[in-house]
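Structural characterization, general
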Amino acid sequence: MSEELKYWYLRDHKLFRTLSFMQIKQLCIVTGFKKAQKGEVIYFSSSDVPRIFLLKKGNIKIVAIDDDGNETIKDIIQKGDLFGELSLESDSQSNEYAKVLSNDVAICSFLISDFEELLLKNPSLALIYTKFVGLKMKRIKNSYANLISKDAKTRLLQFLKDWIAKEGKIVGEAVILENYLTQNDIAQIICTSRQTATQLLNELEANGIISYSRKEIVIHNSLGFA
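Note that the structure is a prediction, hence the values are computed from the model and not measured. Going along each chain's sequence as written, the residues are numbered from 1 onward. Where totals are concerned, whole chains, interfaces and linings use all residues; where local detail is concerned, this predicted model gives features only for residues with pLDDT of at least 70, and gives and counts side-chain atom pairs only at 80 or more. Hydrogen atoms and water are omitted, and side-chain values are computed over all heavy atoms in the structure.

1. Some points on the pattern of salt bridges
Side chains that carry opposite charge are capable of pairing whenever their charged atoms lie near each other. Whenever a carboxyl oxygen of Asp or Glu lies within 4 Å of a side-chain nitrogen of Lys or Arg, that contact is scored as a salt bridge. Counted by the stated rule, this structure contains eight salt bridges. Residues Glu-40 and Lys-34 are paired through a salt bridge, measuring 3.1 Å at the closest nitrogen-oxygen approach. Burial classification: accessible surface area is computed with a 1.4 Å probe over protein chains only, and a residue below 20% of its type maximum counts as buried, one above 50% as exposed, and the rest as partly exposed. Classification of Glu-40 as partly exposed rests on a relative accessible area of 28%. By relative accessible area, which is 37% here, Lys-34 ends up partly exposed.

Dropping the structure here:
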């Protein structure tokens, strides 16, 4: 990848907008760039070389594995999100991995040691990073609160509403989502069974609120999300 392309990959992200031209050029030297395809695993929490990742393009899911080997989707990573060792410490107790959901993904990554040095040299960047991670943790906390306090249908509607806000494309009077999640993925995200998730999606479709397919979800009636 050319230095110019590396520069614009970083310059374009709000985390690095306070950095000067030369600072970003120096950052290009220590930044890893990778492209990945659907189904590829690109991160393990148990890695001996802990990193922070920045998703430039595509979608990724973070999957947690419990002591019995059961897998649960912990988070969906979208364009511009950070993931990996965000606390800047390697967590040996955590057991999770990141898997590519979309057909074409581009990722930037930093060794924790390099990123810590960058933050020490740039206090304004450190402040922005703290706020960035804080907002991410708040979103995850709110998601867990919704799981505890709301029923499965309400959780599904909230999940779709959040998805629409981030990636929905308005076409005429409808909103279209590129569907890179299976029904089982959606079930895991809202903490219900696949059967229940399928039943709820079918109900929304029968009521004319959505049209669901493997490739896209079309939202016809936003009132169903009120």
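From this point on, the discussion continues.
2. Some words on the packing of aromatic side chains
Note on aromatic pairs: the rings of Phe, Tyr and Trp (six-membered ring only in Trp) are paired at centre separations within 6.5 Å, and the planes decide the class, stacked below 30 degrees, edge-to-face beyond 60, tilted for the rest. Here the structure, examined in full by the defined rule, presents nine aromatic pairs. Summarising the aromatic geometry, the rings of Phe-110 and Phe-115 are spaced 5.4 Å apart at their centres and angled 45° between planes, so their arrangement reads as tilted. With respect to class, Phe-110 is no different from Phe-115; both count as buried.

3. Describing the environment of Ala-36
Relative to the helices and strands, Ala-36 is located in strand 1 (residues 32-36). According to the relative accessible area criterion, Ala-36 is buried, its value standing at 1%. Sequence separation between Ala-36 and Asn-202 is 166 residues; the distance between their C-alpha atoms is 33 Å. Discounting chain neighbours no more than four positions away, the residues touching Ala-36 are Ile-42, Val-100, Asn-103, Asp-104 and Val-105. Where helices and strands are cited, they refer to DSSP runs of H or I of at least four residues and of E of at least two residues respectively, numbered from the N terminus. Two residues form a contact once any of their heavy atoms are found within 4.5 Å.

4. Concerning the pairing of strand 4 (residues 60-65)
When DSSP finds two or more bridges between a pair of strands, those strands are recorded as paired. Bridging between strand 4 and strand 5 (residues 71-77) involves six bridges; their strand directions are antiparallel. Among the inter-strand pairings, Val-63 is bridged to a residue of strand 5, identified as Ile-73. Where strand 4 folds back on strand 5, the antiparallel hairpin that results is connected by five residues, among which Gly-69 adopts a positive phi of roughly 85°. Relative to strand 7 (residues 96-100), strand 4 runs antiparallel, the two being bridged by five bridges. Along strand 7, the bridge assignment pairs Ile-60 with Val-100.

5. Quick notes on helix 3 (residues 112-121)
Given 3.6 residues to a turn, an α-helix orients residues that are three or four positions apart in the same direction. All buried positions along helix 3 are accounted for by Ile-112, Phe-115, Leu-118 and Leu-119. Axial view of helix 3: buried residues confined to an arc of 120°, hence all on one face. Summarising the geometry of helix 3, the exposed residues directed more than 90 degrees from the buried face are Leu-120 and Lys-121. Comment: arc refers to directions from the helix axis out to C-beta atoms.

6. Comments concerning the nonpolar core
Core analysis: the largest hydrophobic core is formed by 25 residues, its most contacted members being Leu-10, Phe-16, Leu-82, Phe-115 and Tyr-129. Broken down by secondary-structure element, the contributors of at least two residues to this core are helix 1 (3-11), helix 2 (21-30), strand 3 (51-57), strand 8 (105-111), helix 3 and helix 4 (123-149). Here, nonpolar core means buried Ala, Val, Leu, Ile, Met, Phe, Trp, Tyr and Cys residues that are tied together by side-chain atoms lying within 4.5 Å of each other. Ala-152, Leu-157, Leu-160 and Tyr-212 belong to the second largest nonpolar core, which has 24 residues in total.

7. Describing the sheet that holds strand 7
Here we have four strands laid out as an open sheet, ordered 2-7-4-5, and antiparallel in their pairing. Two strands lie at the open edges of the sheet, namely strand 2 (41-44) and strand 5, each paired on one side alone. Neighbour-to-neighbour, the strand axes of the sheet open up by a mean angle of 25°, direction not taken into account. Angles shown run from 0 to 180 degrees and are taken between the N-to-C directions of axes, each axis being a line fitted to C-alpha atoms and, for helices, limited to the stretch in contact.

8. Some points on the sheet that holds strand 6 (residues 82-84)
Strand order in this open sheet of four strands is 1-8-3-6, and the pairing throughout is antiparallel. Of all the strands in the sheet, the pair left with one neighbour each is strand 1 and strand 6. The mean angle between the axes of side-by-side strands here comes to 30°, regardless of whether they run parallel or antiparallel. Two elements, strand 1 and strand 8, share five bridges in a ladder whose sense is antiparallel. Counterpart to Lys-34 in the pairing with strand 8 is Ile-107. Of the strands in this sheet, strand 3 and strand 8 touch helix 3, which is tilted by about 75° from strand 8.

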